[in-house]
Amino acid sequence: MPEGEMEAERNAMRTMSPYDHFVSLFETDASPMNIGGLLLFDVPEAEREGFCAHIHAVLADRVPRSALARRMVGAPDDYDAPAWFEIDRAAALERIAMPDLPRPLDRERLIGHVLRRGMEPLCLDAAGFEIDIVGPVEGWGCALYLKMHHSLMDGIGFQSAIEQIADGGTGLAKVALETAEPVPPREEWLALASDRFEREADARVAEQLRIAAATEELGAFLADPANGRAPTPVLGFGAHTSRERAYCPVSIPLDRVRALGKRHGGSVNDIFMTLAGSALRAHLQPLGLLPDEPLIGQCVRSIRRPEDGIEGNRVVTMFPEIATDEPDPLARLARIRRNMEREKARSRIEERIVGTLDKPGGAAERKAALSDLAGKEATIGTSNVVLSNVPGPTEALRFGGYRLTGNYPLPIIGPGLFLNITLRRNADNLDLGVMTDAARMSDVDGFVDCLWHALEELEALPQRD
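Just so you know, these numbers come straight off a predicted model, no measurement behind them.

Draft legend 1. Spatial organisation of helix α8 (residues 254-264). Among all positions of α8, only L254, V257, L260, G261 and H264 are buried. All buried residues of α8 lie within an arc of 130 degrees about the axis, which places them on one face of the element. Exposed positions of α8 whose direction lies more than 90 degrees from the buried face are D255 and K262. Buried residues along α8 sit in contact with β8 (245-253), α9 (268-284), α10 (329-350), β14 (419-426), β15 (429-437) and α13 (444-460). Immediately downstream of α8, the backbone of G265 shows phi near 85 degrees, a positive value.

Draft legend 2. Geometry of the nonpolar core. Membership of the largest hydrophobic core comes to 47 residues, with the highest contact counts inside it found for F41, F51, L59, F129, I131 and F399. Mapped onto this core, the elements with two or more residues apiece are α1 (18-25), β2 (34-42), α2 (51-62), α3 (89-93), β6 (129-137), β7 (141-149), α5 (155-165) and β13 (402-410). Grouped together as the second largest cluster of nonpolar side chains are 45 residues, L284, L330, L333 and M340 included.

Draft legend 3. Geometry of the side chain of R424. Looking at the element boundaries, R424 is found in strand β14. Buried and unpaired, R424 has no salt bridge, with D431 as the nearest side chain of opposite charge at 7.7 Å. Of the polar contacts made by the side chain of R424, one reaches the backbone oxygen of G36; its length is 3.1 Å. There is a polar contact of 3.3 Å between the side chain of R424 and the side chain of N407. Apart from the residues lying within four places of it in its own chain, the contact partners of R424 are I35, G36, G37, F158, Q159, V390, N407, Y408, P409, N429, L430 and D431.

Basis of the calculations
Residues numbered from 1 in each chain as written. Predicted model: local features only at pLDDT ≥ 70, side-chain atom pairs only at ≥ 80, totals over all residues. Heavy atoms only, no water. Buried < 20%, exposed > 50% of the residue type's maximum accessible area, 1.4 Å probe, protein only. Helix = DSSP H or I, 4+ residues; strand = E, 2+ residues; numbered from the N terminus. Arc of directions from axis to C-beta. Contact = heavy atoms within 4.5 Å. Core = buried A, V, L, I, M, F, W, Y, C linked by side-chain atoms within 4.5 Å. Lys, Arg positive; Asp, Glu negative; His and termini not counted. Salt bridge = Lys/Arg side-chain N within 4 Å of Asp/Glu carboxyl O. Polar contact = N/O pair within 3.5 Å; in protein donor to acceptor, adjacent residues only side chain to side chain.

What follows is the structure, encoded as structure tokens:
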């Protein structure tokens, strides 16, 4: 067993939180809730043909012992939330494939493959993940594609799962299950749920009091004109999300972004959002699609604590203006910083509104609330684009001895959205996945050119007092 591995506590029948269940219900035909990652590796030329078999052996050992090896089962009559159950080794291996792709495989064909795979919904009653080991890609090293359902983990959890199955990863169980974790019979599940609801009754009352107090505080916060936000604009190409996707992976040296933050003031995330806002303005304005009002971003703030582990969703959502109506890049940066401070303050209140305790029949109520697209959009909140910054390793990961050179997200385009830019740190780089609804924003390469220009534009500007 590789050094650094340790026995992980078996997490039998992990019942979903209300939040995780909501996430599972956001899925639509046009927006599968799949968090994806395109991983690229530096492999010597002489070893590339053997990459797939070698990495398959590595993953066949680790993945069945990881937090990925779960399947979802719905509770009887939706009396309780669905639960995740551990799957056996054989079932986990069935989700690790070596697809027969055309050779030679180039970057364009690889992107086409992962886009198709990303739009395929996961069969959650079999497993919450799938992996394609792709192998050599012309001019791009060797690759694999990993996707996982968002209700199993959030973006930080996904990155933690990647680190868990990397060389030296910790938290793996010593052995994989040879027999899948059993699902309780109907009457037993209902009895277990009833017992839990009864035990949590007092805590549930206390939680509802906390939520009511936080909701009142949030109302006062939003009533203050200083905390107002511009309405979410509707762009000329409409708000309907299609099934068409365009994608481009991008690596930006971390040092360049840090230097901009030091010169102009702001965090890495502030600079990232400013670059996105600048690129959107430059891309949409010549097309006559830039609204007078600022576009609204959708970002998340992690509320994950060490005791939460890596599974489940532990985030609150923020909706900052990204100042696309502002022509001056440094003024845009200053506005985004102010907006983010306001949104962080709001999210600290909303953190106390997130419920963790369920009630009898809560799952049925959530299903009814999210039975149509309008319900899903109302629950998600109104915004135009997702801008997500996920922490990643400070040192390069290795899989089977091969260095991970690219850790590119393949993000979700949710209902009503047309763009998602998600970044993960990968040692000395920020690896971005730029995903668009191609029916509304087809020229993803042109947008990425605007992103690079925005970076160079900020670098050329002198520091202001």
